[in-house]
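Here are the chains, one letter per residue:
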Amino acid sequence: MALILLLLFIGLPLIEIYLLIEVGSEIGALPTIALAILTAVIGTWLVRIQGFGVLMRVRQMTDQGEVPALEVMDGALILIAGLFLLLPGFMTDGVGFLLLIAPLRRFVIGRYVRIVPARRPSPGGDGQEPKIIEGDYRRED
């Protein structure tokens, strides 16, 4: 886990800096900065549109008495996409735009739901099924 965090906090910015330098050397500094700002603006606009769509689906499902669990996960991925799009860099922008593709988000959610099993809390808190004790009772007033 520590290695993953190390790669995330050190490796990712280094890759982003490298990509920014390479793109800047090809198209120039100002166009590179303009491109980074443009992707942030377009990404923010797309996140807003898709976020409102998810919000409407959540509201519709709660009005029908359904639990909008998958829609909430969809909204969380849209939020992550927005964060990636606001970070300067082309690799994070690519990941952010990929997360804005609805079928890809559904695939990621499906993989997560398949990997992480649903857990039911047990009274003992030990992860086992709750114990059922059968018996009769009588109320005395």
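That block above? That's the structure.
Below you will find a few notes about this structure. Computed from a predicted model, the values in this text were never measured in an experiment.

Scanning the chain for helices and strands turns up five helices and zero strands. The linear arrangement of helices and strands in the chain, starting from the amino end, is α-α-α-α-α. Restricting the contact set of the chain to residue pairs at least 6 apart, pairs at least 24 apart contribute 58%.

Moving on, we come to the packing of helix H2 (residues 29–63) against helix H4 (residues 90–99). Contact geometry for H2 and H4: axes closest at 11 Å, N-to-C directions at 20°. Put simply, H2 runs roughly parallel to H4. Taken as a pair, H2 and H4 cross one another with a handedness that is left-handed. From H2, Thr32, Leu35, Thr39, Ile42, Gly43 and Leu46 reach across to H4, where they touch Phe90, Asp93 and Phe97. Split into classes, the residues belonging to the contact of H2 with H4 amount to five nonpolar, three polar and one charged.

Scanning the entire structure with this criterion turns up three salt bridges. Note that Arg57 is salt-bridged to Asp74, the shortest N-O span being 2.8 Å. On the criterion of sequence distance, the pair formed by Arg57 in helix H2 and Asp74 in helix H3 (residues 69–86) is long-range, its members being 17 residues apart. By relative accessible area, Arg57 is classed as partly exposed at 31%. A salt bridge links Arg106 to Glu71; the nearest nitrogen and oxygen atoms lie 3.9 Å apart. Remark: Glu71 occurs in helix H3 and Arg106 occurs in helix H5 (residues 102–115); sequence separation between them is 35 residues. For Arg106, a relative accessible area of 35% translates into the label partly exposed. It is possible to trace a salt-bridge network through shared partners that takes in Arg57, Asp74 and Arg105.

Side chains of Met1, Leu3, Ile4, Leu5, Leu6, Leu7, Leu8, Phe9, Ile10, Leu14, Ile17 and Ile21 sit close together on the surface and give an oily, nonpolar patch of about 1300 Å² of accessible area. Classification of Ile21 as exposed rests on a relative accessible area of 53%.

Attention shifts here to the packing of H2 against H3. The N-to-C vectors of H2 and H3 enclose an angle of 170°; their axes lie 9 Å apart at closest approach. Considering the angle they form, H2 stands roughly antiparallel to H3. Within the contact between the two elements, H2 uses Thr39, Ala40, Gly43, Thr44, Val47, Gln50, Gly51, Val54, Arg57, Val58 and Met61 and H3 uses Glu71, Val72, Asp74, Gly75, Ile78, Ala81, Gly82, Leu85 and Leu86. Of the residues assigned to the contact of H2 with H3, the class counts are 10 nonpolar, seven polar and three charged.

Our focus in this paragraph is the side chain of Thr92. Position of Thr92 relative to the elements: it lies in helix H4. From its side chain, Thr92 meets the backbone oxygen of Phe84 in a polar contact 3.5 Å long. Every residue in contact with Thr92, bar those within four places of it in the chain, is listed here: Leu12, Glu16, Phe84, Leu85 and Leu87.

Basis of the calculations
- Residues numbered from 1 in each chain as written.
- Predicted model: local features only at pLDDT ≥ 70, side-chain atom pairs only at ≥ 80, totals over all residues.
- Heavy atoms only, no water.
- Helix = DSSP H or I, 4+ residues; strand = E, 2+ residues; numbered from the N terminus.
- Contact = heavy atoms within 4.5 Å.
- Axes fitted to C-alpha atoms, helices over the stretch in contact; angles between N-to-C directions.
- Parallel < 35°, antiparallel > 145°, perpendicular 65-115°, else oblique.
- Left-handed = near helix turned anticlockwise from the far one by under 90°.
- Nonpolar A, V, L, I, M, F, W, Y, C, P; charged D, E, K, R; others polar.
- Salt bridge = Lys/Arg side-chain N within 4 Å of Asp/Glu carboxyl O.
- Buried < 20%, exposed > 50% of the residue type's maximum accessible area, 1.4 Å probe, protein only.
- Patch = residues over 30% accessible without salt bridge, like charges linked within 9 Å, V, L, I, M, F, W, Y side chains within 5 Å.
- Areas by Shrake-Rupley, 256 points an atom, 1.4 Å probe, with all protein chains shown as cover.
- Polar contact = N/O pair within 3.5 Å; in protein donor to acceptor, adjacent residues only side chain to side chain.

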